Amino acid sequence: INLFSAVDGKHRKQLPVKKYNCGLVRFLQHSAHVICSSQNDHEHSLRYLSLHDNRYLSYFKGHHDRVVSLAVSPKDDTFLSASNDQTVRLWDIRTKLGQGRITLGYRPCVAYDPEGLVFAVAYAGLNGQTVKLFDVRNYDSGPFVTLEHHETKDDPS
């Protein structure tokens, strides 16, 4: 992992990630901590890393394929991960156990709203694109809004 200053663009630090590689990286509430996706031949996990001393603080396991999207809540210590295994998982940095799982039929992408009250799950299906909006507190009740865009032969967008 290479860290650069957002102010002057200069390289600040390089952190070796050793045998698990590093895919996606997202800063958490504390700027010296990140969550990163990692994988080797048999494991697709998320790792809570201290940038101060390059030490893993915790591991989050549950995905069975590569993690393709990560989103950190702007409100608290929770985050979302989406994987090629067609699941979205909800996590809390304070516990290793997943807080929830949403299974889809497609590869998802995830994002939080700026207040951290709603999260979106988007995916491209056979007939178009779908975005589902979930209330963070009641995600297990399903999406409260589903937006769909169906492609037609006359509409290439």
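Residues numbered from 1 in each chain as written. Predicted model: local features only at pLDDT ≥ 70, side-chain atom pairs only at ≥ 80, totals over all residues. Heavy atoms only, no water.

1. A closer look at the confidence of the model for the protein
If pLDDT is low for a region, its predicted coordinates should not be looked at in detail. Overall, the predicted model of the protein reaches an average pLDDT of 87, with 93% of residues at or above 70. Here strand β1 (residues 2–4) is the element of the protein with the lowest mean pLDDT, 78, and strand β11 (residues 109–112) is the one with the highest, 97. (pLDDT = per-residue confidence, 0-100. Helix = DSSP H or I, 4+ residues; strand = E, 2+ residues; numbered from the N terminus.)

2. Some details on the pattern of salt bridges
All chains considered together, the criterion is met by four salt bridges. Across the pair Asp8 and Arg12 runs a salt bridge whose closest N-O atoms are separated by 2.5 Å. Where Arg94 meets Asp92, a salt bridge forms, and the shortest distance between an N and an O atom there is 2.6 Å. Residue Asp92 is classed as buried on the basis of its relative accessible area, which comes to 10%. (Salt bridge = Lys/Arg side-chain N within 4 Å of Asp/Glu carboxyl O. Buried < 20%, exposed > 50% of the residue type's maximum accessible area, 1.4 Å probe, protein only.)

3. Description of the pairing of strand β2 (residues 11–14)
Relative to β2, β1 runs antiparallel, the two being bridged by three bridges. When the sheet's bridge partners are listed, Phe4 is paired in β2 with His11. Count of turn residues in the β1/β2 antiparallel hairpin: six residues, of which Gly9 carries a positive phi of about 75°. (Pairing = 2+ DSSP bridges.)

4. Examining the pairing of strand β5 (residues 44–50)
With seven of its seven residues buried, β5 lies for the most part within the structure. A two-sided burial pattern is seen for β5, the buried positions comprising His44, Leu46, Tyr48 and Ser50 on one face and Ser45, Arg47 and Leu49 on the other. Pairing analysis gives seven bridges linking strand β4 (residues 33–39) to β5, with the strands arranged antiparallel. If you follow Ser38 over to β5, its bridge partner there is Ser45. Pairing of β5 with strand β6 (residues 55–63), which is carried by six bridges, proceeds in the antiparallel orientation.

5. Considerations on the nonpolar core
In terms of nonpolar packing, the biggest core is built from 14 residues, with Leu80, Val88, Ile102, Val110, Phe119 and Val121 touching the most fellow members. Within the residue set of this core, elements represented by two or more residues are β8 (78–83), β9 (87–92), β11 and β12 (118–124). Grouped together as the second largest cluster of nonpolar side chains are eleven residues, Ile35, Leu70, Val72 and Ile93 included. (Core = buried A, V, L, I, M, F, W, Y, C linked by side-chain atoms within 4.5 Å.)

6. Section: the sheet that holds β6
Pairing is antiparallel in the open sheet, where four strands are placed in the order β3-β4-β5-β6. Two strands in the sheet have a free side with no partner beyond their single neighbour: β3 (25–27) and β6. Neighbour-to-neighbour, the strand axes of the sheet open up by a mean angle of 20°, direction not taken into account. (Axes fitted to C-alpha atoms, helices over the stretch in contact; angles between N-to-C directions.)

7. A look at the side chain of Arg47
For Arg47, the location among the structural elements is in strand β5. Of the residues examined, Arg47 reaches a relative accessible area of 2% and is grouped as buried. There is a polar contact of 2.7 Å between the side chain of Arg47 and the side chain of Ser38. (Polar contact = N/O pair within 3.5 Å; in protein donor to acceptor, adjacent residues only side chain to side chain.)

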